[in-house]
Amino acid sequence: MTKEALAKLSTQELVNKYTTAKTMVWLLAIVLTGCLLFFIYMSLQDGFTPLLAVPLALLAIIPLNVKNMNAFKKELDSRAK
């Protein structure tokens, strides 16, 4: 989100968005880790599977969400001062 858009949100909305982003990052990380481990296990059992690339490709979403989460946190910190 842009800095102007964050400035227009209320503090409660920012807290809600920060909490949601944090929860989604953790859930996505847990699910992708589980998928990666499962696909590695399947690869060991049946040979290489192209599904191994799916969790690795979706891993790119996590840094984007962390960036948004940090923007929310930075805006909240600037309002607290």
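Since we're looking at a predicted model, the values are computed, not measured. (Residues numbered from 1 in each chain as written. Predicted model: local features only at pLDDT ≥ 70, side-chain atom pairs only at ≥ 80, totals over all residues. Heavy atoms only, no water.)

Undergrad: Describe the overall build of the protein chain, and please don't skip the residues or the numbers.
TA: Regarding its fold elements, the protein chain presents four helices and zero strands. For the protein chain, the α and β elements follow one another from N to C terminus as α-α-α-α. What you see for the protein chain is a C-alpha radius of gyration of 17 Å, clearly larger than the 12 Å of a compact globule of 81 residues, by over 25%. Projected onto its principal axes, the C-alpha positions of the protein chain cover 55 × 15 × 15 Å. Within the protein chain, the fraction of its 81 residues that count as buried is 21%. Intrachain contacts of the protein chain at a sequence separation of at least 6 include 69% that bridge at least 24 residues. Accessible surface, the protein chain as shown: approximately 5,900 Å² in total, 70% of it carbon and sulfur. Measuring between centres, the 9 positive side-chain charges of the protein chain sit 7 Å from its 5 negative side-chain charges. (Helix = DSSP H or I, 4+ residues; strand = E, 2+ residues; numbered from the N terminus. Rg over C-alpha atoms; globule rule 2.2 N^0.38 Å. Buried < 20%, exposed > 50% of the residue type's maximum accessible area, 1.4 Å probe, protein only. Contact = heavy atoms within 4.5 Å. Areas by Shrake-Rupley, 256 points an atom, 1.4 Å probe, with all protein chains shown as cover. Lys, Arg positive; Asp, Glu negative; His and termini not counted. Charge placed at Lys NZ, Arg CZ, Asp CG, Glu CD.)

Undergrad: So, the pattern of salt bridges: which residues are in play, and what are the values?
TA: Overall, the coordinates contain one salt bridge when judged by the stated rule. The salt bridge involving Arg79 is made with Glu75; its shortest N-O contact spans 3.2 Å. Of this pair, Arg79 and Glu75 are both found in helix α4 (residues 61-80), four residues apart, which corresponds to roughly one turn of the helix. Under the relative-accessibility criterion, Glu75 is labelled buried at 11%. (Salt bridge = Lys/Arg side-chain N within 4 Å of Asp/Glu carboxyl O.)

Undergrad: Would you mind going over α4 in detail, with residue names and values included?
TA: With 20 residues, α4 extends 29 Å between its outermost C-alpha atoms, agreeing within 8% with the 28 Å of an ideal straight helix rising 1.5 Å per residue. In this structure, the buried side of α4 is in contact with α1 (3-8), α2 (11-46) and α3 (53-58). (Expected span 1.5 Å × (residues − 1).)

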